[in-house]
Amino acid sequence: MRRPTRDTAESNRKIARRTLVLGGIQLGVVGALGLRMRSMQIEQADQYRLLADENRINIRLLPPARGLIFDRTGVPLADNEQNYRIVMVREDAGDIDDVLSRLRRLVPLSPEDMERAKEEMMRRSPFVPVTVADRLSWEDIARVTVNAPALPGVIPEVGLSRVYPLGADFSHVVGYVGPVSDYDLSRIDDQDPLLQIPRFQIGKTGIENKLEHTLRGSAGTRRIEVNALGRVMRELDRQEGIPGKDIQLTIDARLQTYVEGRLEGESAGAVVIDLENGDLRAIGSAPGFDPNLFVRGISVRDWNALNENIYRPLAAKAYQGTYPPGSTFKMVTALAAIEDGQLDPEETVFCRGYTEVAGTRFHCWKRAGHGNVNLHESLKQSCDCYYYEICQRVGIDKIAEMARRLGLGIEHDLPLSAVQAGLAPDKEWKARTRGEDWRIGDTVNASIGQGYVLASPLQLAVMTARIATGRSISPRLVLAIDGIEQPSGAGDSLGLNENTLRRVRQAMDAVGNHSRGTAYGSRIIEADMRMAGKTGTSQVRRITAEERARGVTRNEDLPWERRDHALFVGFAPADNPRFAVSVVVEHGGGGSTAAAPIARDIMLQALYEGPPPLSAYPSNVRSRIRAQQDALESRVPPGAIPADRA
């Protein structure tokens, strides 16, 4: 018999060792499985028994609390309130019609609500909760909870819903939220799962829309155990979401409500800007609307009432409306001519009531003319012929360049909906957009803010602020986000000659404080509060030669929509400016009669941080102003009155 060799014996030993190792591993695995089975079957038997028999775990999103919006002093402008609601999960409900029919006996639920809920459930995934009814009372929720076993798939919830305490006064600034729609989902590239929650509220306009991601926050999760009937057995785990960030605006709620009240009855826009840092203290657009109407979805009746109003309450006229700036543009033309070396401020131009240019007669507003006028007199009395003359020297391109330098014809970067850029036209613009050459008559029209020139009240306020300070002030609307202050809009020097700016400011001072100034009737009496400014009237219709020959029809004799726009821009105090203001009254007639008084009242309210003394007004208007102040003071929001004035 053959004896095994040394190599064979060694091989057998290796096989034996490997067999032992493999057997040990197998034994360990079997032992671990046995221990796990023992743990599941004995130690955790109660837990897994509950999860059996068609019970399952659902994970649901928890909407975070939306960030709040405050004014500069802490007055709430957009808040959250508790909202009791009923949601339904289609895959848990079974017979949807039967469940909705039972639910209707317990809570107010119209046939339209039921149909909408069914349509939404069919559009969504079967496991997505759909809101059936919201803003219910505690009694409604209690009845549903008691009857939960008979309402499979129905879940009472308490959440948060947006509310706007000051209503229409901030409708065009704060904006509003509304339920997310299929249209919203189709036009935004946002993968946030929160948007898939039916009727989840997102910003639609204003700050709510432009700072949506800042305000929205991040979703939390809720892990729940439900049985075969869809009834929630218990909550297994909850991870709260991250609330949205709070936003503090530069707007002063007290001043804003005053502005909105002062504009009441008009179709108008007004802006107040702080000259130290560019803070927008008020952005008024009249008429306004109640943003709370949109939170749950506005009714057809309310929508038609807003949409058919000829004053267009849905339009934010302060920054979306653009208008020919009229004579408020004359400072731009003058500065362009002086900076280009084409005009000496002391040089006079003779105004005889019209100027002939290329065979066309361009008229001054004063039919008899102003005689010889220099820069100072041309602004004080708003002579048109002066600007017809100097604009031909400097040309439209330099005028447009100066306009943009002063903040016109550009879109200011603000978190608001559809901020308009206006138009500071030049030769290249007309060739590109109209396919036509620029004509000298276009320059003449543009020199007094007519023709193609367009500006919003916001832009006019910025223009005035830059003239008053000589700095490139930029408007700032957001003061702080979660307590972190945002960059100032103070701006650097415009690089304009200070002596030239001083002459323009002095002429604007005379507009309101000299007896021959166009805004003298709307002056501020207090010497250290004097307001410098400029009136403007922009035509919306063409005056024919025949009408001019027989006498131009007065604005009050025309239909409202054919009347001139009224404008005013100003800053105060004239010697040490703190605020700039602009007012545009659509079809208001003359700037001196319709816009200047509003601007004066707003400016005084800003300067005094509340109702000014009657001594600041001309004596002939004090009785009217007293009644006006009493009426408007009642609009002041709670918490907006400083402690020393309460």
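Attention in this report is confined to the structure presented alongside it. (Residues numbered from 1 in each chain as written. Predicted model: local features only at pLDDT ≥ 70, side-chain atom pairs only at ≥ 80, totals over all residues. Heavy atoms only, no water.)

A few words on the state of the cysteines. Under the defined criterion, the tally for this structure stands at zero disulfides. C385 forms no disulfide, and the closest cysteine sulfur to it belongs to C351, at a distance of 3.7 Å. (Disulfide = S-S within 2.5 Å.)

The terminal C-alpha atoms of helix α19 (residues 457-469) lie 18 Å apart, and with 13 residues this matches the ideal 18 Å at 1.5 Å per residue to within 8%. Directly beyond the C-terminal end of α19, a positive phi value near 75 degrees is found at G470. (Helix = DSSP H or I, 4+ residues; strand = E, 2+ residues; numbered from the N terminus. Expected span 1.5 Å × (residues − 1).)

For strand β12 (residues 280-286), a buried count of seven out of seven residues is recorded, marking the element as mostly surrounded by other parts of the structure. The pairing of strand β11 (residues 268-274) with β12 spans six bridges and is antiparallel. Its bridge partner lying in β12, A270 is registered against G284. Taking the residues between adjacent antiparallel strands as the criterion, β11 and β12 are bridged by five residues, where G278 takes a positive phi near 80 degrees. (Buried < 20%, exposed > 50% of the residue type's maximum accessible area, 1.4 Å probe, protein only. Pairing = 2+ DSSP bridges.)

The next subject is the nonpolar core. In this structure, L249, I283 and L477 are the most contacted members of the largest nonpolar core, which totals 100 residues. Per-element accounting of this core gives the leading share, eight residues, to α19. What L477 contacts, discounting residues up to four positions off in sequence, is V173, I207, L249, T250, I251, L280, I283, L414, P415 and L416. A519, I524, A594 and L604 belong to the second largest nonpolar core, which has 38 residues in total. (Core = buried A, V, L, I, M, F, W, Y, C linked by side-chain atoms within 4.5 Å. Contact = heavy atoms within 4.5 Å.)

As summarised here, the arrangement of the five strands in space is β12-β11-β21-β20-β19, forming an open sheet in which the pairing is antiparallel. Because the sheet does not close on itself, it has two edges, and the strands there are β12 and β19 (532-538). The mean angle between the axes of side-by-side strands here comes to 5 degrees, regardless of whether they run parallel or antiparallel. In this fold α19 packs onto β11, β12, β20 (565-572) and β21 (579-585), with an angle of close to 145 degrees to the strand it touches most, β21. In this fold helix α20 (residues 498-513) packs onto β19 and β20, with an angle of close to 75 degrees to the strand it touches most, β19. (Axes fitted to C-alpha atoms, helices over the stretch in contact; angles between N-to-C directions.)

Now for the packing of aromatic side chains. Going through the model one piece at a time under the given rule, you end up with eight aromatic pairs. Look at Y84 and W138: their rings are 5.7 Å apart centre to centre, the planes differ by 55 degrees, and that puts the pair in the tilted class. With Y84 in strand β3 (residues 76-89) and W138 in helix α6 (residues 138-146), the pair connects residues that are 54 residues apart, well separated along the chain. Overall, the relative accessible area of 22% leaves Y84 in the partly exposed class. One aromatic cluster is present, built from ring pairs that chain together Y176, F289 and F294. The positively charged end of R361 is found above the aromatic ring belonging to Y354, 3.7 Å away from the centroid. The ring of W438 carries the charged tip of K430 above its face, separated from the ring centre by 5.9 Å. (Phe/Tyr/Trp six-rings, centres within 6.5 Å; stacked < 30°, edge-to-face > 60°. Lys NZ or Arg CZ within 6 Å of the ring centre and 35° of its normal.)

The values reported here are purely geometric and, on their own, carry no functional implication.
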